[in-house]
Structures are given as C-alpha cells and as structure tokens.
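# Analysis of the macromolecular model
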Amino acid sequence: MDIKLLRSFATVALLEHVGQAAERLHISQSPLSRQIQQLESELGVTLFHREKKRLRLTEAGRKFLDEVTPFLHHHERLKDYGRSLTQADVGRLDIGYVEAAIHSRLLPEALARLNTPGGIDIHLHAMRSKQQQELLQERALDVALLHTPPEMSERFLQKKVLTEPILLAMPTKQAIAAPTPEDLQGQRWIADHQHLNPAARSRLLHACELAGFQPNIVLDVSGPQAALACVEAGLGFTFIQQSLAARVPETVSLVMLPWLPLDITLYAVWRKEDTRPLISEFLNALDMSHSVNCTQGE
C-alpha cells in the first residue's frame, strides 16, 4: 500500500475538507480525490461520508485512522533515524504530554536543562493519557508524561515526576471563606469532559465521595483554562492545579481544601528496551525540574 495514499487519507480525515487538505499536501483537489477513492477501492470499504463541502469519517474510517496515525508517526521516525546514522551525536526525542506538564512548568524547565552535544531533535505531542499509552506501545513516542500510567508491564518503566496540590476555584461573588463538604454539596460544578478523560472524572468523583459530598456537574469543558473562564463568568465551581493560581483573575477566588484527598500527579513512562543516553538525560532533567518546583511551592 502506497504510503502517499495513507498520508493523504490522514490529512483529509484531519481537515474533513478535500480543498484544504489538497492545499496542505500541495496538490490539486482532483488527484487527491482519486487517491482517496483508490485507497477505498484497495481496502474494499467506504472511509468517508460525502457531504456538500465536507467529508466525515465512517466508523470503518475512524478505525482505520487509529491504525494509520501511529504508523505514519513511526515512518517519520524511521526517516529521521536513517538520516541520523551519520550524525551519532544528534538524536530525536518524541515526548507526549498532558496539559498539566505545561501548566506546572515541569516539561519546559526539563527541556531547558537538556544539554546534549550536537543538539536534540525534539517533537512534542499534546494528548490524553490513553492516547500516549497507545503511541508508546506503537513506538511513536519515546517518553509519555501522563496522569494514568499503564498497568505494570515488563515492557515499560515508569516513575512519578510531579505531585501538585489542587485548589478550589469559585466566582469571587459566590466565594466561601472556609468551605466544608456540606457547603459544596449544593453548588454547580464545572469539570473536564468525561469522554476525554474518564480516569480523571473517576478520581474526582471518588475523592469527593470520600470527603462527604457529591458534585453536581452541570457543565463539561475541555481543559482547565476553559473551566476557569466559566468560573469567571459565574457558572460554577471547579478544581485547578496550584501552578495555575498566578493566572487567575480577581473575579475568581481560590482556596485549598486540606480535607479533600485529591491532587495532580504526573508519571513519566518509557520503554524498558530504550536505553539511549538521551532518555536518561531527559529523565534526569525531569527530576531536577521537579525538585525546583517542589521547593518553590513550599
């Protein structure tokens, strides 16, 4: 199967528009349409629903994309690896991360500490924990920074690289000085989409249950910045990691809940077989950044 067809398919699937995909691939629309038709003919399945100006993936198309994406990642890595064989001091590092790794400054500071001779070809991939686990298995990632590590396996090594307190964020006009579980029982809550991060939703609900209240989640959002914007608008309460406190406007009040068994935890996960010095250097940089962040937070 021609890899050009797979790359065209992935681009159309991403943009859901033949014209925009053709522009990105630097070809005209007619050849691109023929490539998609050729791929569908080879596979014997319909990959897209054709609409007026857009293409939507069919169920078969979504399943095929799940396989194609890591394959294309690995293909690019193989090309880079081949080019680097004559430059032994240059390496590529593909790092997956969740938003908390950026908000806590853990990842930026770790990258700033890397000092490998010849430089490093670094590629960062923002994605959920589950996606990172899948791409790590497919060898499309070298290191994953995630909330939920895979179950213990002989294939992977893991270490905890960050633990950060969470804070309750409230609209200032509705702020409670020292909230109790009873105070929070009747409030409206904002939380991350359950289908995007089911593990995080489960941890949140479990911690609240242990503390003695059940959050009434009335609004699902994507990410802490969106949640904070909704709190600022007076739409409800939410939880954020402590490192976001400096970015909170005056219309949002923050308070720590010592009685709530919940925090932000990040793990670094990598393949046991990958013994390149570059991996060790990055893990050491993470350790140093974690130590600095812990000291600043005390």
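Residues numbered from 1 in each chain as written. Predicted model: local features only at pLDDT ≥ 70, side-chain atom pairs only at ≥ 80, totals over all residues. Heavy atoms only, no water.

### A short note on unusual backbone geometry
Even without being glycine, Glu16 reaches a positive phi, approximately 55 degrees. Of note, Glu16 is situated in the loop between helix H1 (3-15) and helix H2 (18-25). Judged by its relative accessible area of 23%, Glu16 is partly exposed. (Helix = DSSP H or I, 4+ residues; strand = E, 2+ residues; numbered from the N terminus. Buried < 20%, exposed > 50% of the residue type's maximum accessible area, 1.4 Å probe, protein only.)

### A word on the pairing of strand S9 (residues 238-241)
Burial of the side chains of S9 extends over both faces: Thr238 and Ile240 are buried on one face and Phe239 and Gln241 on the other. Taken together, the 4 bridges between strand S6 (residues 156-171) and S9 define a ladder with antiparallel strand orientation. When the sheet's bridge partners are listed, Ala169 is paired in S9 with Thr238. (Pairing = 2+ DSSP bridges.)

### Brief notes about the nonpolar core
Counting 41 residues, the largest nonpolar core has Leu145, Leu168, Phe239, Leu260, Phe282 and Leu286 as its most contacted members. Beyond its immediate chain neighbours, meaning those up to four positions away, Leu286 contacts Leu106, Ala110, Leu145, Val161 and Ala268. (Core = buried A, V, L, I, M, F, W, Y, C linked by side-chain atoms within 4.5 Å. Contact = heavy atoms within 4.5 Å.)

### Observations concerning the packing of H2 against helix H3 (residues 29-43)
Between H2 and H3, the least distance of the axes is 9 Å, while the angle of their chain directions is 105 degrees. Comparing their axes, H3 and H2 come out roughly perpendicular. Contact residues: Val18, Gly19, Ala21, Ala22 and Leu25 in H2; Gln29, Leu32 and Ser33 in H3. Along the lines of polarity and charge, the residues of the contact of H2 with H3 split into 5 nonpolar, 3 polar and no charged. (Axes fitted to C-alpha atoms, helices over the stretch in contact; angles between N-to-C directions. Parallel < 35°, antiparallel > 145°, perpendicular 65-115°, else oblique. Nonpolar A, V, L, I, M, F, W, Y, C, P; charged D, E, K, R; others polar.)

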